[in-house]
Every structure is written in C-alpha cells, then in structure tokens.
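Overview (structure and organization)
Single-letter residue listing:
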Amino acid sequence: PYSEDLLLSLKESPEEFEAQARLLLAVKLYELGKVTTGRAAELAGIPRVDFLFALGRFELSPVGVEAGELEGDLANARR
C-alpha cells in the first residue's frame, strides 16, 4: 500500500506506479543475479525482448546471459 500523496507527487496513476515498481524490482533482482532475464520479464509483465532493452535504461547489460540464451532473445526479437 502506498499513499495517494505519493502518486500525486510522482504524477502517476496507480497502474503506472505499479508497472514501474514491478519493472524496478525485476531489474534489481536481475542485477543481483537472483533471476534470469526471462523470469525478470515475467515479473515485470513485459516481453523478454522489451526487458532486455529496458536494462539499457538502467545502464545494465544482458551480456551476463549465456550465449544460447542471448541467441534465442535475438531470434525472438526478429519475429
């Protein structure tokens, strides 16, 4: 639970705030090595390829993934 004041100060709807919070949690768990990019994307509620691009906004790289996993991500991005 969070206050209405927080939403007003951030100028976000509850849905926007919750989506951003899920993404931030997923990014942090990925950064700590607790989850894979696939699991983090699932937690954030976005496609895996979108999560990989989101990592760049936080100056993180998906390079830590295994080569086969990255190749699969690239193949999915081309669809």
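Below is a summary of the structure that appears in this document. Quantities reported herein were computed from a predicted structural model and do not represent experimental measurements. (Residues numbered from 1 in each chain as written. Predicted model: local features only at pLDDT ≥ 70, side-chain atom pairs only at ≥ 80, totals over all residues. Heavy atoms only, no water.)

1. Describing the overall build of the chain
Just so we agree on the cut-off: Segments assigned H or I by DSSP are reported as helices when at least four residues long, segments assigned E as strands when at least two residues long, and all are numbered from the N terminus. Think of it in three bands: with a 1.4 Å probe and only protein chains considered, a residue is buried below 20% of the maximum accessible area for its type, exposed above 50%, and partly exposed in between. Throughout, a residue-residue contact means that at least one pair of heavy atoms, one from each residue, lies within 4.5 Å. Each accessible area is a Shrake-Rupley estimate made with a 1.4 Å probe; only the visible protein chains count as cover when residues are assessed.
Assigned secondary structure in the chain consists of 5 helices and 0 strands. Seen in sequence order, the chain has helices and strands lined up from the N terminus as α-α-α-α-α. Looking at the 79 residues of the chain, the share that counts as buried comes to 23%. Long-range contacts, defined here as pairs at least 24 residues apart, represent 40% of the contacts in the chain between residues at least 6 apart. Approximately 5,600 Å² of the chain is accessible, and the part contributed by carbon and sulfur atoms is 56%.

2. Considerations on the packing of helix 2 (residues 14-31) against helix 4 (residues 48-57)
Heads up, the rule is: Note on geometry: axes are C-alpha line fits, over the in-contact stretch for helices, and angles between N-to-C directions span 0 to 180 degrees. Small angles under 35 degrees read as roughly parallel and large ones over 145 as roughly antiparallel, with 65 to 115 read as roughly perpendicular and the rest as oblique. Residue polarity is assigned by list, with Asp, Glu, Lys and Arg as charged and Ala, Val, Leu, Ile, Met, Phe, Trp, Tyr, Cys and Pro as nonpolar; anything else, Gly included, falls into the polar class.
Remark: helix 2 packs on helix 4, axes separated minimally by 11 Å, with the N-to-C direction vectors making an angle of 80 degrees. It follows that helix 2 is roughly perpendicular to helix 4 by the angle criterion. Residues Leu23, Ala26, Val27 and Tyr30 of helix 2 form the contact with helix 4, whose participating residues are Phe51, Ala54, Leu55 and Arg57. Of the residues contributing to the contact of helix 2 with helix 4, the split by class is 7 nonpolar, no polar and 1 charged.

3. Things to note about unusual backbone geometry
Phi angles above zero are rare outside glycine, and Lys11 is one such case at about 55 degrees. As for its placement among the helices and strands, Lys11 is situated in the loop between helix 1 (4-10) and helix 2. Its identity is not glycine, yet Glu59 carries a phi of approximately 55 degrees, on the positive side. Looking at where Glu59 falls in the secondary structure, it is placed in the loop between helix 4 and helix 5 (67-77).

Limitation: the analysis is restricted to geometry and does not speak to function.
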